[in-house]
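Observations on the model geometry
Residues per chain are reported as follows:
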Amino acid sequence: MILELLQKQYKAYTGHAPEQIEELPPSGSHRHYFRLKGPVSLIGVRGDSTEENRAFIYMSEYFSRKGLPVPRVLSRSADDSLYLQEDLGNISLFNIIERCHQTGTFGKEDKELLRQTIHYLPDFQFAGTEGMDFSFCYPYPEFDSRSIFWDLNYFKYCFLKATGLSLQENDLENDFHHMADILLQDNSATFMYRDFQSRNVMIKDQKPWFIDFQGGRKGPIYYDVASFLWQAKANFSDSLRQELLDEYITALQKYLPVDKMHFCNRLRHFVLFRTLQVLGCYGFRGYFEKKPHFIQSIPYAIENLRRLLQNPCPEYPYLYHVLRQLTELKQFSAPLPSPLLSQQRLCVRVTSFSYKKGIPDDPTGNGGGFVFDCRAINNPGRYDRYKTFSGLDEPVIRFLEEDGEIITFLAYAYELVDASVRRYLERGFTSLSVSFGCTGGQHRSVYAAQHMAEHLHKTFGIQVNLIHREQHIEQTFYAKY
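Notes on the structure in this doc start here. The structure displayed is predicted, hence computed values, not measured ones.

**Brief notes about the sheet that holds strand 12 (residues 431-438)**
The strand order across the open sheet built from 5 strands is 11-12-10-13-14, with neighbouring strands paired in mixed fashion. Bordering the open sheet on either side are strand 11 (370-373) and strand 14 (473-477), each of which pairs with just one other strand. Strand after strand, the sheet turns through a mean of 15 degrees between neighbouring axes, direction not considered. Pairing geometry for strand 10 (residues 347-354) and strand 13 (residues 463-468), over 6 bridges, is parallel.

**Thoughts on the side chain of Arg 274**
Looking at where Arg 274 falls in the secondary structure, it is placed in helix 9 (residues 260-288). Of note is the side chain of Arg 274, whose polar atom sits 3.0 Å from the side chain of Asp 195.

**What to know about the packing of helix 5 (residues 145-160) against helix 11 (residues 317-327)**
Packing of helix 5 against helix 11 leaves a shortest axis separation of 14 Å and a crossing angle of 30 degrees. As judged from the angle between their axes, helix 5 and helix 11 are roughly parallel. Handedness of the helix 5/helix 11 crossing: left-handed. Between helix 5, through Phe 155, Phe 159 and Leu 160, and helix 11, the contact on the second element is made entirely by Val 322, Leu 323 and Leu 326. The residue makeup of the contact of helix 5 with helix 11, split by class, is 6 nonpolar, no polar and no charged.

**A few points about unusual backbone geometry**
Trans peptide bonds make up most of the peptide bonds, and negative phi angles are found at most residues other than glycine. With an omega dihedral of 5 degrees, the bond running from Tyr 138 to Pro 139 counts as a cis peptide bond. On the secondary structure map, Pro 139 appears in the loop between helix 4 (108-127) and helix 5. In this model, Asp 212 sits at a positive phi of 55 degrees, which is unusual for a non-glycine residue. Locating Asp 212 in the fold gives a position in the loop between strand 8 (207-210) and strand 9 (217-218). Even without being a glycine, His 472 presents a positive backbone phi close to 55 degrees.

**Re the pattern of salt bridges**
Applying the stated criterion to the full structure yields 29 salt bridges. Of the charged contacts, one joins Asp 87 and Arg 35 as a salt bridge, the two residues approaching to 2.7 Å between their closest N and O atoms. Within this pair, whereas Asp 87 is found in the loop between strand 5 (82-86) and helix 3 (93-103), its partner Arg 35 is found in strand 2 (residues 32-37), the two being separated by 52 residues in sequence. Just as Asp 87 is buried, Arg 35 falls in that class too. Across the pair Arg 241 and Asp 238 runs a salt bridge, and its minimum N-O distance is 3.6 Å. Linking Arg 241 with Asp 238, this pair stays in helix 8 (residues 238-252), spanning 3 residues, or about one helical turn. Taken together, the salt bridges that share partners define one network made up of Glu 22, Arg 35, Lys 37 and Asp 87.

So, how was this worked out
Residues numbered from 1 in each chain as written. Predicted model: local features only at pLDDT ≥ 70, side-chain atom pairs only at ≥ 80, totals over all residues. Heavy atoms only, no water. Pairing = 2+ DSSP bridges. Helix = DSSP H or I, 4+ residues; strand = E, 2+ residues; numbered from the N terminus. Axes fitted to C-alpha atoms, helices over the stretch in contact; angles between N-to-C directions. Polar contact = N/O pair within 3.5 Å; in protein donor to acceptor, adjacent residues only side chain to side chain. Parallel < 35°, antiparallel > 145°, perpendicular 65-115°, else oblique. Left-handed = near helix turned anticlockwise from the far one by under 90°. Contact = heavy atoms within 4.5 Å. Nonpolar A, V, L, I, M, F, W, Y, C, P; charged D, E, K, R; others polar. Salt bridge = Lys/Arg side-chain N within 4 Å of Asp/Glu carboxyl O. Buried < 20%, exposed > 50% of the residue type's maximum accessible area, 1.4 Å probe, protein only.

The structure is reproduced here in structure tokens:
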């Protein structure tokens, strides 16, 4: 049903039906993202909450008018249940950070992207003072005591209590109230992006573009700085964090004078608050919704918390006591993995074969994976003029694509394999096999395997080993990061 609606929306906007639709990996939200390819590549978004969709659509138009790099919404359904936006590609700033951690160093170009990103932050924050209608904000128009307690109770009930720690509820609530009072001393008419972090920054043409701002609202500037610089899995060093903080303060001075000592004193409260909010999110998404990405992020957030607790914070004595107990729990005692350790990565083996010579063995010893039978597809090998060609040659490609059966066949195959690849990546699996068979292993299976390998490499950036068994052709698509 969603695909049909997206097809209609795409055709209404471009005048052409999409040639291909692929679902993108899920995020932490309940929105669904699709890449629609055709005359132009667009991202289709289907969200369950029309209010949240309208928040994004309004803010996208607003920030675009201000000249800020955000994806424009190009088409929307009548009920705002889905919309089409510009396609910014597959590479996020978080992908860059992951690569840097694997090599153990941030290069000059990597740091420049980080500096550009945080340099834009005051522009977003102060654009909100110049005519933004905060009534569009979802789920709440401003950062106030109610939203603070939502997040603190998120931490309390979805993370803290899940650990089994014994609590003095009254003492904890007293510190929560004190924290809310301190955080609200800096409320302002500025825009609080709310989830300003590297996963929500796409890199296009070596420049940052910003997404997922629909949860933003009126609020203080410190929250977004804490979100970006203390993002758990970004795991910035203290020196790099200080570099980026200086870059932000420099950019902020365009809008107001800054006393750095006062700024940093205020910031520490928001860093603690944001860390608690993040742990609440990780607890809910990980422990309750069973999403591996969030569970894997918990140790990094706990390490952030340990570092924060090294500095005294007399404003919240009981909370600090509880947090120290939390960081000393056995389940959080394992050290973080070293970024210099080589990490095992998923590698997909894609093979074309002839059924006459048998289904390929799986050399990994895992017992094999997907095997797709291409023999129901119209066979170019039945015609003499195609017998000297393979599925890699233009005459056979044209025959198969004009016939159209293989396009539909591959669309279903992509959907099945993509779903497994996402789960394999989340669970840390290292190998998957995908095989395509036809009568002779020359035309249909070769075409399908080649396109599957290219699709997986382009979509996920993983290593793909392609083997056309009967053609004695092998090709490796190396991981992008």
